[in-house]
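# Close look at the chain arrangement
Residue-level listing of the chains:
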Amino acid sequence: MTQVALVTGAAQGLGLAIASRLFVAGYAVAITDLSLERAEAAADRLDPSGERCLALKLDVASKADFEAALTATLERFGGLHVVVNNAAMTMTTPVMQISPEEFDRVLSLNTRSVFVGCQVFGAHMAAAGYGRIVNMASLAGQNGGTATGAHYAASKGAIVTLTKIFAKELAAGGVTVNAIAPGPIESPAVRAAVPAERMEGLLANIPVKRLGDADFLGDLVVQLARPEAYFTTGATWDVNGGLFMR
Ligand SMILES: NC(=O)C1=CN([C@@H]2O[C@H](COP(=O)(O)OP(=O)(O)OC[C@H]3O[C@@H](n4cnc5c(N)ncnc54)[C@H](O)[C@@H]3O)[C@@H](O)[C@H]2O)C=CC1
Ligand SMILES: CC(C)c1ccc(C(=O)O)c(O)c1O
């Protein structure tokens, strides 16, 4: 049976790169995003035949959207084996200027979405006896961040903790739950957040002197998604060019 993956926030950036590498690895892929139109455009580019890609609207702020996406994926492909909780909003407001409302908004979107995604998809996978969940954290969640805001960094640190909790909860159901913590990756978001004149300074601070590669993150997800990856769970995989070492 074809293995089935679902990626949130997959219309662009890292989510799209991850969905693409899963597709190349043979998965049927549900490409979900806030915007159905952009999810459809991405799915069409990836799989013009439409045989192995399904575009869905999934606003990660809505539990009902998670449930509807699960139902639609099962109806279309007959199973769901791999989920990547990737969608997030990036905010860069300086810490002393963040209002309580903005703090709540970022935590609610970035962290609650991973919590709900692990609950909804994890429950299905555990009942089926198999699953792989990968949560997108960030270097900012480990070192407090530089290019990003305190609320963003805190939201990503909480994802590392939630990953451990769901890993323990779902292990008996054959489900692994891991996180990936990237540093700055070559992506539209980094290009937008770091103006050309500041890029040299950013690169000078990275020990390997380069941005990370989104396709590599996709390949890492493919590895974590393999049945043979059963022995890594609750882990956070650092991909940061040496910016943070444990
Ligand atoms: N780009 C980078 O260097 C890094 C990115 N990350 C993380 O990787 C993930 C992806 O980042 P990028 O691709 O750079 O971001 P991006 O901003 O380029 O893409 C995010 C995608 O999520 C979608 N999205 C936004 N709100 C949504 C919602 N409510 N429901 C569903 N989808 C929604 C957007 O439409 C977009 O397609 C995020 O979790 C981010 O925090 C972590 C570290 C570094
Ligand atoms: C602003 C963006 C896309 C960015 C840059 C750097 C980091 C990090 O070093 O952790 C991020 O998490 C980002 O989202």
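Residues numbered from 1 in each chain as written. Chains lettered and ligands numbered in written order. Predicted model: local features only at pLDDT ≥ 70, side-chain atom pairs only at ≥ 80, totals over all residues. Heavy atoms only, no water.

### Digging into the packing of helix α4 (residues 100–128) against helix α6 (residues 150–170)
Using the following cut-off: Inter-axis angles, ranging from 0 to 180 degrees, are taken between N-to-C directions of lines fitted to C-alpha atoms, where helices are fitted over the stretch in contact. Numbering of helices and strands runs from the N terminus; a helix is a DSSP stretch of H or I covering at least four residues, while a strand is a stretch of E covering at least two. When an angle is under 35 degrees it counts as roughly parallel; over 145 it counts as roughly antiparallel; between 65 and 115 it counts as roughly perpendicular; any other value is oblique. Should the near helix be turned counterclockwise from the far one by less than a right angle, the crossing is left-handed, whereas a clockwise turn marks it as right-handed. Any two residues having at least one pair of non-hydrogen atoms within 4.5 Å are treated as being in contact. In the scheme used here, Gly and all other residues not listed as nonpolar or charged are polar, with Ala, Val, Leu, Ile, Met, Phe, Trp, Tyr, Cys and Pro taken as nonpolar and Asp, Glu, Lys and Arg as charged.
Where α4 contacts α6, the axes come no closer than 9 Å and their chain directions differ by 20 degrees. In terms of axis orientation, α4 runs roughly parallel to α6. Judged by the twist between their axes, the crossing of α4 over α6 is right-handed. In this structure, α4 uses Glu-102, Phe-103, Val-106, Leu-107, Asn-110, Thr-111, Val-114, Phe-115, Cys-118, Gln-119, Gly-122 and Ala-126 to contact α6, whose residues at the interface are His-151, Tyr-152, Ser-155, Ala-158, Ile-159, Leu-162, Phe-166 and Leu-170. A breakdown of the residues in the contact of α4 with α6 according to their chemical character gives 13 nonpolar, six polar and one charged.

### A short note on helix α1 (residues 13–24)
Since the α-helix turns once every 3.6 residues, residues separated by three or four places project in the same direction. The condition is simple: One less than the residue count of a helix, multiplied by 1.5 Å, gives the span that helix is expected to have. Three exposure classes are used, based on accessible area relative to the maximum for each residue type with a 1.4 Å probe and protein chains only: buried under 20%, partly exposed in between, and exposed over 50%.
Counted at 1.5 Å a residue, the expected span for α1 with its 12 residues is 16 Å, and the 17 Å between its end C-alpha atoms agrees. Burial of α1 is extensive: nine of the 12 residues sit out of reach of the surface. For α1, the full list of buried residues reads Leu-14, Gly-15, Leu-16, Ala-17, Ile-18, Ala-19, Ser-20, Leu-22 and Phe-23. Immediately downstream of α1, the backbone of Gly-26 shows phi near 105 degrees, a positive value.

### Brief notes about the site of ligand 2
Going by this rule: Distances are taken per atom, and a residue is near a molecule or strand as soon as one of its heavy atoms is within 4 Å of it. Polar contact is the term for a pair of N or O atoms within 3.5 Å; when the atoms are in protein, one must be able to donate a hydrogen and the other to accept it, and sequence-neighboring residues count only if both atoms are side-chain atoms. Note that accessible areas follow from Shrake-Rupley with a 1.4 Å probe, and for residues the cover is restricted to the protein chains shown. Whether a set of points on the 1 Å grid over the protein atoms alone is a cavity depends on a 1.4 Å probe fitting there but being unable to get out, while an open set qualifies as a pocket with protein on both sides within 12 Å along at least five of seven lines; lining residues are those with an atom within 4 Å of a point. A molecule is counted as occupying a cavity or pocket when more than half of its atoms fall within 2 Å of that pocket's grid points.
Around ligand 2, the neighbouring residues are Thr-90, Ser-138, Leu-139, Ala-140, Thr-148, Tyr-152, Pro-182, Gly-183, Pro-184, Ala-189, Val-190 and Ala-193. Residue Ala-140 places a main-chain N or O atom 3.1 Å away from an oxygen atom belonging to ligand 2. Within the side chain of Tyr-152, a nitrogen or oxygen atom sits 2.8 Å from an oxygen atom of ligand 2. Protein contacts shield 90% of the accessible area of ligand 2, which totals 350 Å² for the unbound molecule. One can see that ligand 2 is located within the largest pocket. Looking at the shell around ligand 2, its residues break down into eight nonpolar, four polar and no charged.

### Here we look at the sheet that holds strand β4 (residues 82–85)
To be explicit about the condition: Any two strands are treated as partners once DSSP identifies two or more bridges connecting them.
Reading across from one edge, β3-β2-β1-β4-β5-β6-β7 is the order of the seven strands in this open sheet, with parallel pairing throughout. Looking at strand neighbours, the two that pair on one side only are β3 (53–57) and β7 (236–239), the edges of this open sheet. Adjacent strand axes in the sheet meet at a mean angle of 20 degrees, parallel and antiparallel pairs treated alike. Direction of pairing for strand β1 (residues 4–7) relative to strand β2 (residues 28–33): parallel, over a ladder of four bridges.

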